Amino acid sequence: MTDHFFKHPLVNLHYYRFGTGPKIMLCFHGLGMHGKQFTVLEKELGTEYTFFGFDLFFHKETALVDNSLAAIKRGISQDVLAALFADFCDDQGVSRFSIMSYSMGTFYAAALIRYIPGRIDDVFFIAPSFLKTPRVLDFLANNKPANFLFEKLLLSENGLKTLLKLCLKTHIVDQNNYEILYREIATAKLRFDFYANVTYLKHMNVDYKILATAINKANIHCYFIFGKKDRSIPPANARKLIPRLNTAKMNVIEEGHDLVNSRLTKKILFCEHDDQS
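Residues numbered from 1 in each chain as written. Predicted model: local features only at pLDDT ≥ 70, side-chain atom pairs only at ≥ 80, totals over all residues. Heavy atoms only, no water.

Moving on, we get to the overall build of the protein. Looking only at helices and strands, one finds 11 helices and 9 strands in the protein. Relative to the globule expectation of 19 Å for 277 residues, the C-alpha radius of gyration of the protein, 18 Å, shows essentially globular dimensions. Considering only C-alpha atoms, the protein reaches an extent of 50 × 40 × 35 Å along its principal axes. Considering only residue pairs separated by 6 or more positions, the protein has 75% of its internal contacts joining residues 24 or more positions apart. Element-wise, carbon and sulfur atoms account for 52% of the exposed surface of the protein, whose accessible area totals about 12700 Å². Where the 34 positive side-chain charges of the protein centre and where its 28 negative ones centre are 6 Å apart. (Helix = DSSP H or I, 4+ residues; strand = E, 2+ residues; numbered from the N terminus. Rg over C-alpha atoms; globule rule 2.2 N^0.38 Å. Contact = heavy atoms within 4.5 Å. Areas by Shrake-Rupley, 256 points an atom, 1.4 Å probe, with all protein chains shown as cover. Lys, Arg positive; Asp, Glu negative; His and termini not counted. Charge placed at Lys NZ, Arg CZ, Asp CG, Glu CD.)

If you want it as structure tokens, here you go:
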């Protein structure tokens with residue numbers, strides 16, 4: 001595995017390259033993770049794919065060229081996000097690719113599908129949070145007064161933790177989401193990165209009809225993997241999109257939300273596992 005930077009007018013994008021296969025896989029990790037998250041797949045798939053695992057915005061080594069609060073509050077549109085990764089592929093001489101995405105990273109995958117579907121072969125949606133944005137995150141990102149309060153609270157460790165506990169008490173988030181979000185606000189840097197991530201990606205909500213049309217027109221094969229014990233992203237969320245798709249498979253396995261681990265196999269990814277639903 002090697003690590004590199006792709007210098008772009010928008011961002012200094014850090015990524016890892018691993019695997020030696022002829023097919024290309026772009027990898028988009030989950031909240032609080034990094035570009036190495038999918039290295040667990042290299043042993044089984046490394047001779048079939050060359051993987052590019054990105055540190056996504058406000059994670060690890062990736063940094064925006066303009067990291068001001070004003071730029072963060074403007075956010076990034078889906079077409080600009082897709083253009084960034086199209087530029088990356090052009091720089092690497094990649095014409096076609098597949099996508100591996102997990103949780104937050106599935107929003108990135110959906111943006112690429114919508115705006116550059118003709119370059120995509122397969123897409124793997126693992127714990128696909130884009131099917132149902134947590135209400136609290138959508139509210140904090142898109143409601144101006146709430147976002148202003150969120151910005152001020154992030155400067156105060158106790159203030160943000162109090163807000164999160166209130167969201168749990170009022171059932172805006174469940175216990176599982178509460179624990180995930182609580183881990184993201186442990187330090188001042190993590191609190192800022194969490195605020196920036198939520199705010200910068202506020203334009204990523206998905207129109208299922210438009211997305212399904214793009215998938216079907218480009219004949220993209222989609223694979224949805226859910227954890228049976230994952231209360232934050234239940235398999236029932238798939239009803240919003242899968243019935244609209246011509247070539248989609250779904251797998252529900254005996255796991256929780258943390259699905260990207262050593263037990264994630266090729267059979268599970270391609271929905272050939274014995275426990276598939």
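Okay, back to it.
On to the nonpolar core. In terms of nonpolar packing, the biggest core is built from 94 residues, with Phe 57 and Phe 224 touching the most fellow members. Look past the residues within four positions of Phe 224 in its chain and what remains in contact with it is Phe 125, Pro 128, Phe 130, Leu 131, Leu 241, Ile 242, Leu 245, Ala 248, Lys 249, Met 250, Asn 251 and Cys 271. (Core = buried A, V, L, I, M, F, W, Y, C linked by side-chain atoms within 4.5 Å. Buried < 20%, exposed > 50% of the residue type's maximum accessible area, 1.4 Å probe, protein only.)

Assignment of secondary structure puts Gly 227 in strand β8 (residues 221-227). Put simply, Gly 227 and Leu 241 are 14 residues apart on the chain and 18 Å apart in space, counted from C-alpha to C-alpha. What Gly 227 contacts, discounting residues up to four positions off in sequence, is Pro 235, Val 252, Ile 253, Glu 255, Gly 256 and Leu 259.

Another aspect to go through is the pattern of salt bridges. Going through the model one piece at a time under the given rule, you end up with 8 salt bridges. Among the salt bridges present, the one from Lys 23 reaches Glu 48, with a minimum N-O distance of 2.9 Å. One end of the pair, Lys 23, is in strand β3 (residues 23-28); the other, Glu 48, is in the loop between α1 (42-45) and β4 (49-54), with 25 residues separating them in the sequence. Through salt bridges with shared partners, a single ionic network connects Lys 23, Glu 48 and Lys 266. (Salt bridge = Lys/Arg side-chain N within 4 Å of Asp/Glu carboxyl O.)

Here the focus is unusual backbone geometry. Even without glycine at this site, Lys 60 takes up a positive phi of about 50°. If you trace the backbone, Lys 60 turns up in the loop between β4 and β5 (63-64). Of note, Asn 219 is a non-glycine position whose phi angle comes to about 55°, a positive value. In this fold, Asn 219 is placed in the loop between α10 (208-218) and β8.

Turning our attention to the packing of helix α3 (residues 78-92) against helix α4 (residues 105-115). At a minimum axis distance of 8 Å, the contact between α3 and α4 shows a crossing angle of 90°. For the element pair α3 / α4, the angle class is roughly perpendicular. Together, Gln 78, Asp 79, Leu 81, Ala 82 and Phe 85 of α3 and Tyr 108, Ala 111, Leu 112, Arg 114 and Tyr 115 of α4 make up the contact between the two elements. Classifying every residue of the contact of α3 with α4 gives 7 nonpolar, 1 polar and 2 charged. (Axes fitted to C-alpha atoms, helices over the stretch in contact; angles between N-to-C directions. Parallel < 35°, antiparallel > 145°, perpendicular 65-115°, else oblique. Nonpolar A, V, L, I, M, F, W, Y, C, P; charged D, E, K, R; others polar.)

Per the stated rule, a full pass over the model turns up 21 aromatic pairs. Ring geometry for Tyr 15 versus Phe 88: centroids 5.0 Å apart, planes at 80°, classification edge-to-face. Residue Tyr 15 is found in strand β2 (residues 11-18), and its partner Phe 88 is found in helix α3; the two are separated by 73 residues along the sequence. Relative to Tyr 108, the ring of Phe 85 lies with its centre 6.4 Å away and its plane at 75°, an arrangement referred to as edge-to-face. Within this pair, whereas Phe 85 is found in helix α3, its partner Tyr 108 is found in helix α4, the two being separated by 23 residues in sequence. When its relative accessible area of 1% is taken as the criterion, Tyr 108 is described as buried. A network of ring pairs unites the aromatic residues Phe 6, Tyr 15, Phe 28, Phe 52, Phe 54, Phe 57, Phe 58, Phe 85, Phe 88, Tyr 108 and Tyr 200 as a single cluster. (Phe/Tyr/Trp six-rings, centres within 6.5 Å; stacked < 30°, edge-to-face > 60°.)

One can describe the packing of α4 onto α10 by two numbers: an axis separation of 8 Å at closest approach and a directional angle of 65°. Handedness of the crossing formed by α4 with α10: left-handed. Across from Ala 110, Ile 113 and Arg 114 in α4, the residues of α10 making contact are Ile 210, Leu 211, Ala 214 and Ile 215. A class-by-class count of the residues in the contact of α4 with α10 yields 6 nonpolar, no polar and 1 charged. (Left-handed = near helix turned anticlockwise from the far one by under 90°.)

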